[in-house]
Amino acid sequence: MDEKVLRRLVIKPFAINRVNFGKRFAIKGNVLEIVQEKIDELKEADDLISDIKLEIISPGDYDRKINTIMDIIPISTKVLGTIGEGITHTLSGVCVMLTGVDEDGRQMHEFGSSEGVLSEQMIFGRRGTPDVNDYIIHMDVTIKGGLPFDRHLPNACFKACDKFIQEIRNTLKKVDGREASGSYEYLDKVPAGNKKKVVLVKQVAGQGAMYDNLLFPDEPSGFEGGTSIIDMCNMPMILSPNEYRDGILRALV
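Residues numbered from 1 in each chain as written. Predicted model: local features only at pLDDT ≥ 70, side-chain atom pairs only at ≥ 80, totals over all residues. Heavy atoms only, no water.

As recorded by an unreviewed UniProt entry, the chain carries the name D-proline reductase (Dithiol) PrdD and is attributed to Peptostreptococcus russellii.

Structure representation (structure tokens):
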């Protein structure tokens, strides 16, 4: 008896070797162009946000002070299907770093902050961190002061950042898949006969503020459309291997 294939996921990476500011969001060969002026629109869209700064950090240019690191976010998007199946385009050689603080100087963290010099606060080349050859799109969000610290404050930062990344995703959706630097196929299978079925259990946090996780966002590793594990009352969820691989779980830590 053959194995039964439940889902097929194809991930196509596109290599980026330079990031520039431009007049529109665009991918031109190995060059990603982003729009500085987009942050003005993001500031106006949320009353909790008082300022947003955007900078491009080149590989090795890490001798700079930053606010606490809220997240390192890959840039991926669905081209066909939903998360866990179909086709996903992703950029290699670049990622987004979100940092945050409020006007009173409170860092957007809960269990330990990471503000300071970037070279001292980041270990590069690990799972979930940029490679030493990666470009970093750094978004620093300042939240209005004098507000009680709850989930709404960091979530405003995550939401603004996700809207910015979505502009890149929309461009990435249009890139011809034949121009990808590779193509990787992953199959969710049901074992045939009496073979053992394996379940992996992953414990995730759901305590509030910066100690939260989202499930089921609209885009891989996204924020929009996601549901907080807190709002799910920390109930167990069953995910397929390909859903997990494709970014259906977003850790907000």
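Still more to cover.
**Observations concerning the nonpolar core**
Within soluble globular proteins, side chains that are nonpolar tend to cluster in buried spots. Rules: Grouping buried Ala, Val, Leu, Ile, Met, Phe, Trp, Tyr and Cys residues that are joined through side-chain atoms within 4.5 Å yields what is termed a nonpolar core. For the exposure calls, accessible area comes from a 1.4 Å probe over protein chains only, and a residue counts as buried if that area is under 20% of its type's maximum, exposed if over 50%, partly exposed in between. In this description a helix means any DSSP run of H or I spanning at least four residues, a strand means any run of E spanning at least two, and both kinds are numbered starting from the N terminus. Contact between two residues is taken to exist if any of their heavy atoms lie within 4.5 Å; hydrogens are not considered.
Counting residues in hydrophobic clusters, the biggest one holds 42 residues, and the most contacted among them are Leu32, Ile34, Leu91 and Ile137. Of all the secondary-structure elements, those providing two or more residues to this core are β4 (31–34), α1 (38–45), β5 (49–57), β7 (68–73), β10 (94–102), β12 (135–143) and α3 (152–173). Broken down by element, the residue count for this core peaks at 10 residues, all from α3. Ile137 has contacts with Val19, Leu32, Ile34, Leu54, Glu55, Ile75, Val94, Cys95, Val96, Met97, Phe164 and Ile168, leaving out every residue within four places of it along the chain. Membership of the second largest hydrophobic core comes to 11 residues, among which are Tyr62, Leu118, Phe124 and Ile136.

**Examining the packing of aromatic side chains**
Where two aromatic rings form a pair, the distance of their centres and the angle of their planes describe that pair. So the rule is basically this: Classification of ring pairs rests on two measures: the distance between centres of Phe, Tyr or Trp rings, Trp counted by its six-membered ring, which must be within 6.5 Å, and the angle between planes, read as stacked under 30 degrees, edge-to-face over 60 and tilted in between.
Scanning the entire structure with this criterion turns up three aromatic pairs. With a centroid separation of 5.3 Å and an interplanar angle of 70°, the aromatic rings of Phe25 and Phe164 are classed as edge-to-face. Within this pair, whereas Phe25 is found in the loop between β2 (18–21) and β3 (26–28), its partner Phe164 is found in helix α3, the two being separated by 139 residues in sequence. Phe25 gets classed as buried once you look at its relative accessible area, which sits at 13%. Relative to Phe124, the ring of Tyr62 has its centre 4.1 Å away and its plane inclined at 15°; by these criteria the two rings are stacked. Of this pair, Tyr62 sits in the loop between β5 and β6 (65–66) while Phe124 sits in the loop between α2 (118–121) and β12, and the two are 62 residues apart along the sequence.

**A look at the packing of α1 against α3**
Basically, it comes down to this: Only the stretch in contact is used when a helix axis is fitted, and all axes are lines through C-alpha atoms; the angle between N-to-C directions ranges over 0 to 180 degrees. By definition, turning the near helix anticlockwise from the far helix through less than a right angle yields a left-handed crossing, and turning it clockwise yields a right-handed one. Three classes are used, and their members are as follows: Ala, Val, Leu, Ile, Met, Phe, Trp, Tyr, Cys and Pro are nonpolar, Asp, Glu, Lys and Arg are charged, and the others, Gly among them, are polar.
The geometry of α1 relative to α3 is characterised by a closest axis approach of 10 Å and an angle of 145° between their N-to-C directions. Where α1 crosses over α3, the handedness of that crossing is right-handed. In this structure, α1 contributes Lys38, Leu42 and Ala45 to the contact, and α3 contributes Ala160, Lys163, Phe164 and Glu167. Of the residues in the contact of α1 with α3, the class split is four nonpolar, no polar and three charged.

**Observations concerning α1**
Basically, it comes down to this: Here the arc refers to the set of directions running from the helix axis out to each C-beta atom.
Considered for burial, the residues of α1 that qualify are Lys38, Ile39 and Leu42. Around the axis of α1, the buried residues are gathered within 95° of arc, so they sit on the same side. As for α1, its buried residues are in contact with β5, β12 and α3.

**Considerations on the sheet that holds β4**
Heads up, the condition is: Being paired, for any two strands, means DSSP has found at least two bridges between them.
The strand order across the open sheet built from three strands is β2-β4-β3, with neighbouring strands paired in mixed fashion. In the strand order of this sheet, the two ends are held by β2 and β3, each with one partner. The sheet shows a mean angle of 25° between the axes of neighbouring strands, taken without regard to direction. Where β3 and β4 come together, three bridges link them in antiparallel fashion. Opposite Ala26, over in β4, you have Glu33 as the bridge partner.

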